[in-house]
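Listed below, chain by chain, are the residues.
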Amino acid sequence: MSESRRPAIRPDLQLIADMISPGTRVLDVGCGDGALLDYLVHEKAVDGRGIELSSEGVNASISQGLSVIQGNAEIDLFDYPDGAFDYVVLSQTLQAMHEPKTILEQLLRIGRRAVVSLPNFAHWRLRLYLFVFGRMPVSAVLPDEWYATPNIHLCSIKDFVVLCRDLGIVIERSACLDERGVRYRFGKSMRLANLLGEQAVFLLRR
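Residues numbered from 1 in each chain as written. Predicted model: local features only at pLDDT ≥ 70, side-chain atom pairs only at ≥ 80, totals over all residues. Heavy atoms only, no water.

### Notes on the overall build of the chain
And step 1. Tallying secondary structure elements over the chain gives 8 helices and 8 strands in all.
And step 2. Dimensions of the chain, computed from the C-alpha atoms along their principal axes, are close to 50 × 45 × 35 Å.
And step 3. Going through the 206 residues of the chain one by one, you find that 45% of them count as buried.
And step 4. Nonlocal contacts in the chain, meaning residues at least 24 apart in sequence, comprise 66% of its contacts between residues at least 6 apart.
And step 5. Only carbon and sulfur atoms are counted for the fraction: they give 54% of the accessible area of the chain, which is about 10,900 Å².
And step 6. Counting 23 positive and 25 negative side-chain charges, the chain places the averaged centre of each group 10 Å from the other. (Helix = DSSP H or I, 4+ residues; strand = E, 2+ residues; numbered from the N terminus. Buried < 20%, exposed > 50% of the residue type's maximum accessible area, 1.4 Å probe, protein only. Contact = heavy atoms within 4.5 Å. Areas by Shrake-Rupley, 256 points an atom, 1.4 Å probe, with all protein chains shown as cover. Lys, Arg positive; Asp, Glu negative; His and termini not counted. Charge placed at Lys NZ, Arg CZ, Asp CG, Glu CD.)

Quick look at the structure:
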């Protein structure tokens, strides 16, 4: 009988995990409650570390036996040495950073590769919501009202791809998730991905 697997993780976290090779060194920036890190440690045998701002997230992670410290990524990433990890993960957080361009550069200084996921503010449902109601959209992926959202730099999939190009960052792999959590690759149709992808995940390198 095969060994039972751990509980399933969110579709976007599973997509990130699928881009990470087993047995590698991984830093999960903004790891939250440690769901992704726990999966990677136990299912892919990574040497995993995490950094998380909230004490609740740190406590939840440590209670699972994970190596997580409390810290502010926008300050503490600068203290990590070059090439300390094989992968650095930043999940659903880049748009909440004050200096996303600088953070992206730090991820690829610390890690040989970075895996970045972000919500797509050009998704068709958000466009339609804004057009019909004339208000900032609220959705399952973006649940907060405009005055309470942590998101301060709203970008589309296309915006992120252009930023990577401007910074000389290579996108090795990319995929979208629609509102049902179904994944598909960008292919050659950036316009379609920008319209239909509710979230996107990118595997990056220099």
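### Focus on helix α2 (residues 35–43)
And step 1. Buried within α2 we find L36, L37, D38, Y39 and L40.
And step 2. At its buried positions, α2 is contacted by α1 (11–18), β1 (25–29), β2 (47–52), β3 (68–70) and β4 (85–91).

### A look at helix α3 (residues 55–63)
And step 1. When α3 is considered as a whole, its buried residues turn out to be G57, V58 and S61. Looking straight down α3, one finds that the buried residues subtend no more than 100° of arc, so they occupy a single side. What points out from α3, more than 90 degrees from its buried face, is the exposed set E56, N59 and S63.
And step 2. Buried residues along α3 sit against β2 and β3.
And step 3. Immediately downstream of α3, the backbone of G65 shows phi near 85°, a positive value. (Arc of directions from axis to C-beta.)

### A look at a nonpolar patch on the surface
And step 1. Side chains of W124, L128, F131, V132, F133, L192, L195 and L196 sit close together on the surface and give an oily, nonpolar patch of about 770 Å² of accessible area.
And step 2. The set of elements that each furnish at least two residues to the nonpolar patch consists of α6 (124–133) and α8 (190–196).
And step 3. The dominant element in the nonpolar patch, judged by the number of residues it contributes, is α6, at 5 residues.
And step 4. Among the structural elements, V132 can be located in helix α6. (Patch = residues over 30% accessible without salt bridge, like charges linked within 9 Å, V, L, I, M, F, W, Y side chains within 5 Å. Salt bridge = Lys/Arg side-chain N within 4 Å of Asp/Glu carboxyl O.)

### Observations regarding the pairing of β2
And step 1. Sheet topology note: the β1/β2 ladder contains 5 bridges and is parallel. When the sheet's bridge partners are listed, V29 is paired in β2 with I51.
And step 2. Once you follow β1 into α2 and on to β2, the crossover reads as right-handed.
And step 3. When β2 meets β3, the two strands line up parallel, connected through 3 bridges. Paired with G50 across the bridge in β3 is V68.
And step 4. Regarding topology, α3 serves as the crossover connection from β2 to the parallel β3, and that connection is right-handed. (Pairing = 2+ DSSP bridges. Right-handed = clockwise from strand over helix to strand, strands pointing away.)

### Quick word on the sheet that holds strand β6 (residues 170–177)
Within a sheet, adjacent strands bond to each other through the backbone by hydrogen bonds, running parallel or antiparallel.
And step 1. Strand order in the open sheet made by the 8 strands is β3-β2-β1-β4-β5-β8-β6-β7, with mixed pairing throughout. Where the open sheet ends on each side, the last strands, each with one partner, are β3 and β7 (183–185). In this sheet, adjacent strand axes meet at a mean angle of 20° when their direction is disregarded.
And step 2. With 4 bridges connecting them, β1 and β4 associate as parallel partners. (Axes fitted to C-alpha atoms, helices over the stretch in contact; angles between N-to-C directions.)

### Quick look at the pairing of strand β5 (residues 111–119)
And step 1. Most of β5 is tucked away, with 7 of its 9 residues classed as buried.
And step 2. Relative to β5, β4 is paired through 6 bridges, and the arrangement is parallel. Note that in β5 the partner of L90 across the bridge is V116.
And step 3. In this view, the connection linking β4 to its parallel neighbour β5 by way of helix α5 (residues 100–110) has right-handed handedness.
And step 4. Inspection of the sheet shows β5 paired to strand β8 (residues 199–205) by 7 bridges, in the antiparallel sense. Across the sheet, residue A114 finds its bridge partner in β8, namely L204.

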